[in-house]
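# Structural overview
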Amino acid sequence: MRIQKNFSHMLAAAVVPLTMAAVPLSSWASEAFDEGEIFFELNNTDGDLGIHARIDGDAWKKINISDPDGKNMLNIKVKSILKQQGLTEIFFESAEPPFESDDPEEVTLTPEEFFVRFPEGDYKITGMTLEGDTLSNETRVSHVMPAPPEAMVNGMTAAEDCDAALPVVGAGDPVTIHWNTVTHSHPDLGTSGVLVDVVNYEVVVEIDETPFKTSTILPPSATSFEVPEEILALSDEIKFEVLVREASYNQTAIESCFCVGACPE
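The model shown is predicted, which means the values in this text are computed figures rather than measured ones. (Residues numbered from 1 in each chain as written. Predicted model: local features only at pLDDT ≥ 70, side-chain atom pairs only at ≥ 80, totals over all residues. Heavy atoms only, no water.)

## Quick look at the overall build of the protein
Tallying secondary structure elements over the protein gives 4 helices and 15 strands in all. Evaluated residue by residue, the protein yields a buried proportion of 40% over its 265 residues. Taking as baseline every contact in the protein between residues at least 6 positions apart, the subset at least 24 positions apart corresponds to 62%. Entry remark: accessible area of the protein is about 15300 Å², with carbon and sulfur atoms responsible for 52%. (Helix = DSSP H or I, 4+ residues; strand = E, 2+ residues; numbered from the N terminus. Buried < 20%, exposed > 50% of the residue type's maximum accessible area, 1.4 Å probe, protein only. Contact = heavy atoms within 4.5 Å. Areas by Shrake-Rupley, 256 points an atom, 1.4 Å probe, with all protein chains shown as cover.)

Put into structure tokens, the structure is as follows:
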């Protein structure tokens, strides 16, 4: 009996430290970022592709992104006083080499090369909070790019780019930019010929060589945008962009310009 009693005491003594040591393991549990998206943007007018990411969550001191093969493609670690403060949100946009160029010294990247570089699959975003907890998200990256919207300005076909002959609207006239409803993926690159689930459109209006730039996000049912009068009064040449974004966050944009009253010489 005495042996059993002593053994019980020894077992209890051994269990206590194990139990106490197990408590901090709960802090190792992985939590998700509030937002963690990786996606592509196509400028159909200029002919280039880029990879973007938007990450938001609790204050963190380091972050990592790995591709579907598990290879690290981004590591960020804050240091010094910034490490004490932490970061909560980050957005990045990669360089966007053109698909082709007349300059033999300019770096180019064809759509095929781009999609080989960034394959479809699950990309993992991990981070560490200021308290040492793990943050983790997986985001599915797709090669489905929305087809480019076809735009019109007051019923006139939009110019292919801002260097082409531009449509002219009357000074003081209201100006409405129209576009078709996008229902399919891009016909020439990525995964073509499939239906897309458009989540929104975005219209950007800017004045070249000035800091003025504004953007408006519109629902998937939208097919037009009226340019505010105060913007039309700022310049005789207005630049705009219509961007369509689908469920994977991949987005395709077209750029064009129009003139107010007359085009500048």
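Now, onward.
## Focus: the side chain of Thr139
Relative to the elements of secondary structure, Thr139 occurs in strand β6 (residues 134–141). Ignoring sequence-local partners within four residues, the contact set of Thr139 consists of Gly36, Glu37, Ile38, Gly121, Asp122, Tyr123 and Ile125.

## Regarding the pairing of strand β3 (residues 72–77)
Of all the 6 residues making up β3, 0 are buried; the element is thus mostly uncovered. Here 5 bridges tie strand β2 (residues 48–66) to β3, and the two strands are oriented antiparallel to one another. Within the sheet, the bridge partner assigned to Asn64 lies in β3 and is Asn75. In sequence, β2 turns back onto β3 through a hairpin of 5 residues, with Gly70 there showing a positive phi of about 85°. (Pairing = 2+ DSSP bridges.)

## Concerning the pattern of salt bridges
A complete count under the given rule lists 3 salt bridges for this structure. For the salt bridge of Arg140 with Asp122, the shortest nitrogen-to-oxygen distance reads 3.4 Å. Here Asp122 lies in strand β5 (residues 121–129) and Arg140 lies in strand β6, a separation of 18 residues in the sequence. Here Arg140 falls in the exposed class, since its relative accessible area comes to 55%. One salt bridge connects Glu202 with Arg245, and the closest N-O pair in it is separated by 3.0 Å. Of this pair, Glu202 sits in strand β11 (residues 198–206) while Arg245 sits in strand β14 (residues 237–246), and the two are 43 residues apart along the sequence. Taken as a pair, Glu202 and Arg245 share a single burial class, namely buried. (Salt bridge = Lys/Arg side-chain N within 4 Å of Asp/Glu carboxyl O.)

## Considerations on a negative patch on the surface
On the surface, Glu100, Asp102, Asp103, Glu105 and Glu106 cluster together into a patch of negative charge. Assignment of secondary structure puts Asp102 in the loop between β4 (87–93) and α3 (111–117). (Patch = residues over 30% accessible without salt bridge, like charges linked within 9 Å, V, L, I, M, F, W, Y side chains within 5 Å. Lys, Arg positive; Asp, Glu negative; His and termini not counted. Charge placed at Lys NZ, Arg CZ, Asp CG, Glu CD.)

## Describing the state of the cysteines
Under the defined criterion, the tally for this structure stands at 2 disulfides. Two residues, Cys162 and Cys257, share a disulfide whose sulfurs are 1.9 Å apart. With the S-S dihedral at roughly 85°, the linkage between Cys162 and Cys257 falls on the right-handed side. One end of the pair, Cys162, is in the loop between β8 (156–157) and β9 (168–169); the other, Cys257, is in strand β15 (residues 251–260), and 95 residues separate them in sequence. Judged by its relative accessible area of 23%, Cys162 falls in the partly exposed class. Disulfide partner of Cys259: Cys263, at an S-S distance of 2.1 Å. On the sign convention where negative is left-handed, the bridge of Cys259 and Cys263, at about 105° about the S-S bond, is right-handed. Given the relative accessible area of 34%, Cys263 is considered partly exposed. (Disulfide = S-S within 2.5 Å.)

## Details of the sheet that holds strand β13 (residues 224–227)
In spatial order, the strands read β8-β7-β10-β13; together these 4 strands make up an open sheet with antiparallel pairing. Of all the strands in the sheet, the pair left with one neighbour each is β8 and β13. As judged from the 3 bridges shared by strand β7 (residues 151–153) and strand β10 (residues 175–179), these two strands associate in the antiparallel manner. Within β10, the residue paired with Met152 across the bridge is His178.

## Comments concerning the packing of aromatic side chains
Here the structure, examined in full by the defined rule, presents 8 aromatic pairs. Where Phe40 meets Phe118, the ring centres are 6.4 Å apart and the plane angle is 50°; that geometry is what we call tilted. One end of the pair, Phe40, is in strand β1 (residues 35–43); the other, Phe118, is in the loop between α3 and β5, and 78 residues separate them in sequence. Centre to centre, the rings of Phe114 and Phe118 are 5.1 Å apart; their planes meet at 55°, and the pair counts as tilted. The same class applies to Phe114 as to Phe118, namely buried. (Phe/Tyr/Trp six-rings, centres within 6.5 Å; stacked < 30°, edge-to-face > 60°.)

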